[in-house]
Amino acid sequence: MIINHPLLGPRDAAEFVHLGDAAMIDRPDWQAKDAAEAFHDYLYLRDNPAGTYRELWYHEQGDRSWLVVIRDTITHDIKNVELARDHARRRGRSR
Amino acid sequence: MAYSAFRIFRESLTGNRGWKPVWREPEPRPDYDIIIVGGGGHGLSTAYYLARNHGITRVAVLEKGWLGSGNVGRNTTIIRSNYMLPGNQPFYELSLKLWEGLEQDFNFNAMVSQRGVLNLYHSDPQRDAFVRRGNAMKLSGADPVLLDEAGVRKLCPFLDFDNARFPIRGGLWQPRGGTVRHDAVAWGYARGADRRGVDIIQNCEVTGFLIDSGVCKGVETARGPIRAKSVAVAVAGSSSRVMAKAGIRLPIESHVLQAFVSEGLKPVLPGVITFGAGHFYVSQSDKGGLVFGGDIDGYNSYAQRGNLPAVEDVCEGGMAIMPMIGRARLLRMWGGLVDMSMDGSAFIDRTEIDGLFFNGGWCYGGFKATPASGFCFAHLLATGESHPVARQMRLDRFRRGKLIDEKGQGAQPNLH
């Protein structure tokens, strides 16, 4: 697989480490009443879809940026790559 | 009719006209006591042990494709019981004991070959870790043997003992481990279950569950609804997809694991050999091909094929311990889907929906578990209680902090 890095251009996926579901960007509120339950689901449960998947990749052997990659888990076709920072900011995070 | 040498002799005298199909192809009945979703190794062994141990034969096994078309036909055929934690090791030792008596039990030649499994160590700390693992194996009645370098040299003189980076100092040897003809396991269990009255229904994909007020009462299939008192899902690799139809999210990611076979060579490997400093394991099939594999690719996938970096990594591991295989050509390679769970261990449990049971999360080690998995799943379905050796394989163990994490990697499926 080739990941088209937004800053560095096309790079071999072997340079990256796969972390998993990009939903992990949205941590639950630790002060909420159901925080224990929410963190259990956050840490351990996964949607694991067959098809389009939004996931976090870390450019460990490159510029150490975190990327959000939209990839098809049936074909390995990569549809979109962006910096995780841009993705998080669009969701209302400050950084 | 039972298979025997006498039967072969008799058939040879009568033109081999007496052989019958090994299992029936029945139409699904409208209702059963138990429906098993998934006609792979684990589903078929569950059906077999339900009938054999518990006398429950109003059972249907529903398979989307053909029998054994999933991981039971795509693995590297290794059996062993060299785990460490008490939540796992007694289970795998039960499995190895069942493998040992399997062929006589289900009257089918599965070519169970106890040629031994050798895990190499390359440093003093790793030796210490293997001593600990060996002691844990002994607690369950397994048969670990700690070998020093001379012991390994005697067994496998062809290894690269003086490798500059990863010299081979010895190994943990399990003589009772080995390999099994994997397809024959599916066929043997299917035949055994069918002869006891279980309906095995192929080309019958489950498209949904019939759930009424939190109770599962059957399944929707491509061939119409079928009702049952209990529904048991054993579809490792696709567990999340199937259980999502019941609205259940699992602590599982699906990953791709590749396997490889070289061209046929003369007999050279005495048993299964694993590299202790990288991830590479190899055995030699009876046809002579080297059967080997290594790490999972490391990303979620349902593609049943992997990418080249994992191929390179596996081959590097092979070259590091046995450079002699460098001239052998790769004949075939393929990928299988594995349920990578959040702690690297499996599940045999009921679910939050009454009447719906789940078996999965086998990571890359489901094949060796096939007999005990069916044995314990059948026990749970028939008695409502977990089998003693599978008591920790619960779906809610993360909520209770009772993880079974052999490698201590934490909730990161691609590292287990």
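Residues numbered from 1 in each chain as written. Chains lettered and ligands numbered in written order. Predicted model: local features only at pLDDT ≥ 70, side-chain atom pairs only at ≥ 80, totals over all residues. Heavy atoms only, no water.

### Things to note about the domain arrangement of chain B
Residue and element names in this part refer to chain B. Rules: Either an automatic procedure or a domain database provided the assignment from which the domain bounds are taken. When checking whether two residues touch, look at their non-hydrogen atoms; a contact exists if any pair is within 4.5 Å. Here's the idea: put two parts together, see how much 1.4 Å probe accessible area each one loses, and the total over both is what we call buried area. We count a salt bridge whenever a side-chain nitrogen from Lys or Arg sits within 4 Å of a carboxyl oxygen from Asp or Glu. Between N or O atoms, a polar contact is any pair within 3.5 Å; within protein, one atom must be a potential hydrogen donor and the other a potential acceptor, and residues adjacent in sequence are included only when both atoms are from side chains. Per the convention used, a helix needs a DSSP run of H or I reaching at least four residues, while a strand needs a run of E reaching at least two, with both numbered from the N terminus. Polar here means any residue outside two lists: the nonpolar Ala, Val, Leu, Ile, Met, Phe, Trp, Tyr, Cys and Pro, and the charged Asp, Glu, Lys and Arg; Gly therefore counts as polar.
For chain B, the assigned domains read domain 1 (24–78 + 84–93 + 100–105 + 182–251 + 343–415) and domain 2 (112–178 + 253–341). Once you take the C-alpha centre of each, domain 1 and domain 2 turn out to be 28 Å apart. On the side of domain 2, 34 residues touch domain 1, which itself brings 32 residues to the contact. When the buried area of domain 1 at its contact with domain 2 is split by residue, Arg74, Met84 and Pro413 rank highest and sum to 24% of it. At the junction of domain 1 with domain 2, the criterion picks out two salt bridges. A salt bridge links arginine 176 to glutamate 93; the shortest N-O distance between them is 2.9 Å. Taken together, the connections running from domain 1 to domain 2 amount to 18 residue pairs in polar contact (both at pLDDT 80 or more). Secondary structure elements with two or more residues in the side of domain 1 that touches domain 2: α3 (89–106) and α7 (239–244). Of all the elements, α3 adds the most residues to the side of domain 1 that touches domain 2, at five residues. Of the residues belonging to the side of domain 1 that touches domain 2, the class tally is ten nonpolar, 14 polar and eight charged.

### What to know about the pairing of strand β1 (residues 2–5) of chain A
All names here are of chain A. Definition in use: Burial here depends on accessible area, computed with a 1.4 Å probe over protein chains only, as a share of the maximum for the residue type. Under 20% is buried, over 50% is exposed, and the range in between is partly exposed. Paired strands, in this sense, are two strands between which DSSP finds at least two bridges.
Burial along β1 is one-sided: Ile3 and His5 are buried, while Ile2 and Asn4, pointing the other way, are not. With four bridges joining them, β1 and strand β2 (residues 9–12) adopt antiparallel strand pairing. Within β2, the position partnered with asparagine 4 by the bridge is proline 10. The hairpin formed by β1 and β2 contains three residues between the paired strands.

### Re a nonpolar patch on the surface
For clarity, the threshold we go by: Residues qualify for a patch when their relative accessible area is over 30% and they have no salt bridge, like charges being joined within 9 Å and the nonpolar side chains of Val, Leu, Ile, Met, Phe, Trp and Tyr within 5 Å. To be clear on the numbers: accessible area is Shrake-Rupley with a 1.4 Å probe, and residue cover counts the displayed protein chains and nothing else.
A grouping of Phe6, Phe9 and Leu13 of chain B is seen on the molecular surface, where their side chains present a nonpolar patch of about 380 Å² in accessible area. Note on placement: phenylalanine 9 of chain B falls in helix α1 (residues 5–13).

### A closer look at the packing of aromatic side chains
Residue and element names in this part refer to chain B. Using the following cut-off: Here a pair means two rings of Phe, Tyr or Trp (six-membered ring of Trp) with centres within 6.5 Å. Their orientation is stacked below 30 degrees between planes, edge-to-face above 60, and tilted elsewhere.
Scanning the entire structure with this criterion turns up 24 aromatic pairs over all chains. Pairing tyrosine 49 with phenylalanine 375 gives two aromatic rings, centres 5.2 Å apart and planes at 70 degrees, and the pair type is edge-to-face. Residue tyrosine 49 is located in helix α2 (residues 41–54), and its partner phenylalanine 375 is located in helix α9 (residues 366–383); the two are separated by 326 residues in the primary sequence. Per residue, the accessibility class of tyrosine 49 equals that of phenylalanine 375, and both read buried. Relative to phenylalanine 292, the ring of phenylalanine 260 lies with its centre 5.4 Å away and its plane at 20 degrees, an arrangement referred to as stacked. A residue pair is termed long-range when its members are at least 10 positions apart, and phenylalanine 260 in strand β12 (residues 252–264) and phenylalanine 292 in strand β15 (residues 289–300) qualify at 32 residues.

### Considerations on the sheet that holds strand β3 (residues 17–21) of chain A
Residues and elements named next belong to chain A. Under the convention used in this document: The angle between two axes is taken between their N-to-C directions and runs from 0 to 180 degrees, where each axis is a line fitted to C-alpha atoms and a helix contributes only its stretch in contact.
Taken in spatial order, the four strands line up as β3-β4-β5-β6 in an open sheet, and their pairing is antiparallel. With one partner strand each, in any of the chains shown, β3 and β6 (78–83) form the two edges of the open sheet. Neighbour-to-neighbour, the strand axes of the sheet open up by a mean angle of 30 degrees, direction not taken into account. By the bridge criterion, five bridges tie strand β5 (residues 66–72) to β6 in an arrangement that is antiparallel. From the neighbouring strand, isoleucine 70 faces β6, where its bridge partner is asparagine 80.

### What about the pattern of salt bridges?
Counting across every chain of the model gives 31 salt bridges over all chains. Each of Glu93, Lys97, Glu100, Asp143 and Arg176 of chain B takes part in salt bridges that share partners, so that together they form one network.

### Examining the packing of helix α6 (residues 182–195) of chain B against α9 of chain B
When two helices pack together, their arrangement is given by the angle between the helix axes and the distance between those axes. Residues and elements named next belong to chain B. Filter applied, for reference: Roughly parallel means an angle under 35 degrees; roughly antiparallel means over 145; roughly perpendicular covers 65 to 115; every other angle is labelled oblique. If you view the pair so one helix is near and one far, a crossing is left-handed when the near helix is turned anticlockwise from the far one by less than a right angle, and right-handed when it is turned clockwise.
The geometry of α6 relative to α9 is characterised by a closest axis approach of 11 Å and an angle of 20 degrees between their N-to-C directions. Considering their axes alone, α6 and α9 lie roughly parallel with respect to each other. Relative to α9, the crossing made by α6 is left-handed. Within the contact between the two elements, α6 uses His182, Val185 and Tyr189 and α9 uses Phe367, Thr370 and Pro371. Per-class residue counts for the contact of α6 with α9 are four nonpolar, two polar and no charged.

### Things to note about unusual backbone geometry
All names here are of chain B. Unusually for a residue other than glycine, threonine 77 sits at a positive phi of about 65 degrees. One can find threonine 77 in the loop between β2 (59–62) and β3 (78–79). With a phi angle near 50 degrees, cysteine 363 is a residue other than glycine that sits in the positive phi range. Note that cysteine 363 resides in the loop between β18 (356–360) and α9.

### A look at the nonpolar core
Residue and element names in this part refer to chain B. Note the threshold: Here, nonpolar core refers to any group of buried Ala, Val, Leu, Ile, Met, Phe, Trp, Tyr and Cys residues whose side-chain atoms link them within 4.5 Å.
Core analysis: the largest hydrophobic core is formed by 54 residues, its most contacted members being Phe91, Trp99 and Ile348. Elements with a contribution of two residues or more to this core: β1 (31–37), α2, β2, α3, α6, β11 (226–234) and α9. Setting aside chain neighbours within four positions, we find phenylalanine 91 in contact with Ile348, Trp362, Ala369, Ala372, Ser373, Cys376, Val389, Ala390 and Met393. Counting 30 residues, the second largest nonpolar core, distinct from the first, contains Ala60, Val233, Met243 and Ile248.

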